[in-house]
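Now for the letters of each chain:
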Amino acid sequence: MHLFLIDLYVSVDMLSPIIHVLNKKQKVLICGINPNQSFKEDKIINSVINKNVKYDNFIPIGNFEKILLSIVDLIKLLPNFIQKKIKFFWEFLYKKKVFSNVSIIEKYLKKNNISSITYEESSAEKYVELFFIASKKMKIPMIKIDSGIAAIKTPLSKNRLENSNYFISPSYFMIKNKILKNKKLRYIGSIRFTKYWLKILDKIFKIEKVKDKKIINVGFFTKYQSKENPGTLKLIEKLKKENFVNIKTREKPRDLYPLKFAYFYREDYNSSQLIRWSDIIVSSRSTSVLAEALIRNKKVV
């Protein structure tokens, strides 16, 4: 059985296409490693679940941690205005609290007869390390997937190859104008940014688009914590005053808070829907989803 670790939404976005390809003939186990967020009801996740795919909401944990996690689930039921006041609590759970250990993980891998472990590179290191230590003991290959497509040239840092036996990169790493070669590196592209997967996304997510040649639909990709966000918001407010422009925004989906009040999960459209809806895409920073915009022949600013 192939194990896939799901953390923030970006891991859902990048790993689901791979699971979709495997689930026809291979057994797959999806396991959440994020105590704040569960994607069990997510439309993309549900689209890849079939008789060959099992979903575990969270990694195996001890008895005390089970009680703690039950309390956390109750806190998630509180109104949003209360949850927003305890952001420090959610940040502590995600960044500091470790719910499991190597011994428990080993038993989990044996129980499920795991033959490979795959995760997206921005996943919480504290859990990735536990799985990597256990996988080395059990000689199970661990595969790290790039979190997107490089929109700008970036050097290969040492830590990008850590905690993995293989690193799947959709983009070439270059050194002195030559392709970098490493026994861990595999250059095989990204299923996420293919017409094959985009057609599947189109079936999962619908859009409402009024055809009016006088109206220009403009989609903005934003990040509320970024230094350029104030300038982006000013531009959005300025354009809203024009009667020939419709505007929708999409927050970068790396919010670590419960989905109930996570910025990106409360928007009208996800990234793929926004791109399909828009005539023009505006982004103040490099982001992998711009590759999808280009594949869909959208104008990008």
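Shown above is the structure to which this text applies.
What you see is a predicted model, and the numbers here were worked out from it, not measured in a lab. (Residues numbered from 1 in each chain as written. Predicted model: local features only at pLDDT ≥ 70, side-chain atom pairs only at ≥ 80, totals over all residues. Heavy atoms only, no water.)

> Give me the lowdown on the overall build of the chain, citing residues and values where you can.
A count of helices and strands for the chain gives 11 helices and 13 strands. In terms of overall size, the chain behaves like a compact globule, its C-alpha atoms giving a radius of gyration of 20 Å where 301 residues would be expected to give roughly 19 Å. If one aligns the C-alpha atoms of the chain with their principal axes, the spans along those axes are about 60 × 55 × 40 Å. The burial tally for the chain puts 50% of its 301 residues in the buried class. Per element, the accessible surface of the chain, about 16,500 Å² overall, is 56% carbon and sulfur. (Helix = DSSP H or I, 4+ residues; strand = E, 2+ residues; numbered from the N terminus. Rg over C-alpha atoms; globule rule 2.2 N^0.38 Å. Buried < 20%, exposed > 50% of the residue type's maximum accessible area, 1.4 Å probe, protein only. Areas by Shrake-Rupley, 256 points an atom, 1.4 Å probe, with all protein chains shown as cover.)

> Run through the nonpolar core, naming residues and quoting values.
Within the largest apolar cluster, 38 residues are counted, with the highest numbers of intra-cluster contacts made by Leu3, Leu5, Ile59, Leu109, Ile117, Tyr127 and Phe131. For this core, the element with the most residues is helix H7 (residues 125–138), which contributes 6 residues. Contact partners of Leu5, with chain neighbours within four places excluded, come to Ser11, Leu15, Cys31, Ile33, Ile117, Thr118, Tyr119 and Phe131. Grouped together as the second largest cluster of nonpolar side chains are 24 residues, Phe39, Ile44, Val53 and Trp197 included. (Core = buried A, V, L, I, M, F, W, Y, C linked by side-chain atoms within 4.5 Å. Contact = heavy atoms within 4.5 Å.)

> Which residues make up the sheet that holds strand S6 (residues 166–169), and what are the values?
The pairing of strands in a sheet happens through backbone hydrogen bonds and is either parallel or antiparallel. If you trace the 7 strands from one edge of the open sheet to the other, you get S3-S2-S1-S4-S5-S6-S9, paired in parallel fashion. Strand pairing shows two members of the sheet lacking a second neighbour, strand S3 (53–56) and strand S9 (185–187), which therefore form its edges. Going from strand to strand, the sheet's axes swing by 20 degrees on average, the running direction of each strand aside. Two elements, strand S5 (residues 142–145) and S6, share 3 bridges in a ladder whose sense is parallel. The residue bridging Lys144 from the neighbouring strand is Phe167, located in S6. Strands in contact with H7 are strand S1 (2–6), strand S4 (116–120) and S5; relative to S5, the strand with the most contacts, it is inclined by about 145 degrees. (Pairing = 2+ DSSP bridges. Axes fitted to C-alpha atoms, helices over the stretch in contact; angles between N-to-C directions.)

> Requested: an account of the packing of helix H6 (residues 102–111) against H7, with residues and values cited.
Relative to each other, H6 and H7 sit at 55 degrees, their axes nearing to 9 Å. By the angle between their axes, H6 is oblique relative to H7. You can see that H6 and H7 cross each other, and the crossing is right-handed. On H7, the residues that touch Val102, Ile105, Glu106, Tyr108, Leu109 and Lys110 of H6 are Leu130, Phe131, Ile133, Ala134, Ser135, Lys137 and Met138. In terms of residue class, the contact of H6 with H7 is made up of 9 nonpolar, 1 polar and 3 charged. (Parallel < 35°, antiparallel > 145°, perpendicular 65-115°, else oblique. Left-handed = near helix turned anticlockwise from the far one by under 90°. Nonpolar A, V, L, I, M, F, W, Y, C, P; charged D, E, K, R; others polar.)

> A description of the packing of helix H1 (residues 9–22) against helix H8 (residues 195–204) should follow, citing residues and the corresponding values.
Closest axis-to-axis distance for the H1/H8 pair is 11 Å, and the angle between their directions is 95 degrees. Our classification of the angle between H1 and H8 gives roughly perpendicular. Residues Ser16, Pro17, His20 and Val21 of H1 touch H8, and the partners they reach there are Tyr196, Trp197 and Ile200.

> Let's hear about the pairing of strand S12 (residues 280–283): which residues, and what values?
Sheet topology note: the strand S10 (residues 216–222)/S12 ladder contains 4 bridges and is parallel. Following the sheet pairing, Val218 is matched in S12 by Ile280. Crossover connection from S12 via helix H11 (residues 289–295) to parallel strand S13 (residues 299–300): handedness right-handed. (Right-handed = clockwise from strand over helix to strand, strands pointing away.)

> Lay out the pairing of S4 in plain terms, naming residues and giving numbers.
Burial of S4 is extensive: 5 of the 5 residues sit out of reach of the surface. The two faces of S4 match: Ser116, Thr118 and Glu120 on one face and Ile117 and Tyr119 on the other face are all buried. Sheet topology note: the S1/S4 ladder contains 4 bridges and is parallel. Within S4, the residue paired with His2 across the bridge is Ser116. As paired strands, S4 and S5 are joined by 4 bridges and run parallel to one another.

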